[in-house]
Amino acid sequence: MTARLSHEPEITLPVDLCAPQGSLNPAAVGWTRKPLHRANLTGWGRTKRWEYWCVQGPDHVLALTVSSIDYLALHTVWFMTYDGVEIDKTAIIPLGRVALPQRSGDGEVGVRSAGVQIRIEPLDDTIRLRAKTDRISADVTVTRPPGHESLGVVIPWTDQRFQYTVKDNTLPAVGAVVADGVRYRFAADDSYAVLDHGRGRWPYRTTWNWGSASGRQDHHTIGLQFGGKWTDGTGMTENALCVDGRLHKIGADLTWDYDPDNWLRPWRVRDETDGRVDVTFAPSFERRARTEAVVIATEVHQCFGTWSGTVSTDTGEVLALHDLRGFAEEARMRW
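The structure contained in this document is the topic of the report that follows. Every value quoted in this text rests on a predicted model; they were computed, and no experiment measured them.

Remarks on the overall build of the protein
Stage number 1. The secondary structure content of the protein amounts to zero helices and 24 strands.
Stage number 2. Radius of gyration (C-alpha) of the protein: 19 Å, near the 20 Å computed for a compact globule of 335 residues.
Stage number 3. Once the C-alpha set of the protein is aligned to its principal axes, its extents read approximately 55 × 50 × 45 Å.
Stage number 4. Out of the 335 residues belonging to the protein, those deemed buried represent 59%.
Stage number 5. Considering only contacts within the protein whose residues lie at least 6 apart along the sequence, 56% involve residues at least 24 apart.
Stage number 6. In the structure as shown, the protein presents an accessible area of about 13800 Å², 49% of it carried by carbon and sulfur atoms.
Stage number 7. When the 38 positive and 43 negative side-chain charges of the protein are each reduced to one mean point, those points stand 6 Å apart.

Some details on the side chain of His-37
Stage number 1. In this structure, His-37 sits in strand E3 (residues 37-38).
Stage number 2. A distance of 2.8 Å separates the side chain of His-37 from the backbone oxygen of Ala-28, its partner in a polar contact.
Stage number 3. Not counting chain neighbours up to four residues away, the residues in contact with His-37 comprise Ile-11, Val-15, Ala-28, Thr-32, Gln-102, Arg-103, Val-154 and Tyr-164.

Here we look at the packing of aromatic side chains
Each aromatic ring pair is summarised here by two numbers: the centre-to-centre distance and the angle between the ring planes.
Stage number 1. Tallying each qualifying case throughout the model produces 22 aromatic pairs.
Stage number 2. Taken together, a centroid distance of 6.3 Å and an interplanar angle of 45 degrees make the contact between Trp-78 and Phe-285 tilted. One end of the pair, Trp-78, is in strand E6 (residues 72-81); the other, Phe-285, is in strand E22 (residues 277-293), and 207 residues separate them in sequence. For the residue pair Trp-78 and Phe-285, the accessibility class agrees, reading buried in each case.
Stage number 3. For the ring pair Tyr-258 and Trp-267, a centre distance of 4.3 Å and an interplane angle of 20 degrees mean the geometry is stacked. Neither residue differs from the other here; Tyr-258 and Trp-267 are each classed as buried.
Stage number 4. Clustering of aromatic rings is evident, with ring pairs tying together Phe-226, Trp-256, Tyr-258, Trp-263, Trp-267, Phe-281 and Trp-307.
Stage number 5. The ring of Trp-335 has Lys-48 lying over it, and the distance from NZ or CZ to the ring centre is 5.1 Å.
Stage number 6. Positioned above the aromatic ring of Trp-210 is the side chain of Lys-167, whose terminal nitrogen or guanidinium carbon lies 5.0 Å from the ring centre.

Considerations on the nonpolar core
Stage number 1. The biggest cluster of nonpolar side chains holds 77 residues, and the ones touching the most others in it are Leu-17, Trp-53, Leu-62, Ile-118, Val-142 and Trp-335.
Stage number 2. If near-sequence neighbours (up to four positions away) are discounted, Val-142 is found in contact with Trp-53, Asp-125, Thr-126, Ile-127, Leu-129, Leu-171, Pro-172, Ala-173 and Ala-193.
Stage number 3. Membership of the second largest hydrophobic core comes to 23 residues, among which are Ile-250, Tyr-258, Cys-303 and Val-311.

Conventions adopted
- Residues numbered from 1 in each chain as written.
- Predicted model: local features only at pLDDT ≥ 70, side-chain atom pairs only at ≥ 80, totals over all residues.
- Heavy atoms only, no water.
- Helix = DSSP H or I, 4+ residues; strand = E, 2+ residues; numbered from the N terminus.
- Rg over C-alpha atoms; globule rule 2.2 N^0.38 Å.
- Buried < 20%, exposed > 50% of the residue type's maximum accessible area, 1.4 Å probe, protein only.
- Contact = heavy atoms within 4.5 Å.
- Areas by Shrake-Rupley, 256 points an atom, 1.4 Å probe, with all protein chains shown as cover.
- Lys, Arg positive; Asp, Glu negative; His and termini not counted.
- Charge placed at Lys NZ, Arg CZ, Asp CG, Glu CD.
- Polar contact = N/O pair within 3.5 Å; in protein donor to acceptor, adjacent residues only side chain to side chain.
- Phe/Tyr/Trp six-rings, centres within 6.5 Å; stacked < 30°, edge-to-face > 60°.
- Lys NZ or Arg CZ within 6 Å of the ring centre and 35° of its normal.
- Core = buried A, V, L, I, M, F, W, Y, C linked by side-chain atoms within 4.5 Å.

Shown next as structure tokens:
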């Protein structure tokens, strides 16, 4: 089959996310292969900023979140193993302030509050992730290979409500987590990290889907980046493939089929416009995270498992996937 190229504009030069008065800069709407947007957000109340890293190995997963949503800061260290260990430590700081860089990867991020310590340190072509709680100590180095491409995209709901995100996967990770005195290793040949860098101004109520996967398949390194619901109808998507470090943008909205009464049943994700995606996600573990803090309420069902099916590059090459390790989630936010 011959794949259809995305109708969405590709941005190739640095650009400010916001116009001088604080609204969305029309020139910022598009997608990139490397971080080019400067999130020059101003004002208070609806602005959300975060850095999320997830490191997944064959037997265990580490996730770190540093976030500021104006009226509170929320930081999380989460670790799980497929044989039953799950440790979750979250710090919620009302009116907490966090220094986060305006451009992805431009500066160090560090927090230390309410029993949670997280440090994210960019170093040339690597990123060092460190975290500490009363039960967890983690130190992981993530490598960004030469020429590696990531997906940056601006989602324009209105000129006052918009989101810039960088999604980056297939990043080799090496290091260790010590959880309750037991050491768990991440090895570079079978462990990958994914980044979710977010900056924007959100509506009060939002629902989204996110799916990601990374791994080796038939001599290729393949990453899946799928989104849904929150981008529908905006003219932009956060859908792409990363094949051997090169990004292949998918401009169609995807159809997500799953059972919210049983999150461990198979999920199916399809591109019904161009036929570039037809994959099934087989979950084996569900993480359920809920937050209730006066004005906010969040509920996230994040399932870890494997993806199988077919995807197509922007040159029309069809790639078969078999048990590619990753996750899929639904998040409902009132924030």
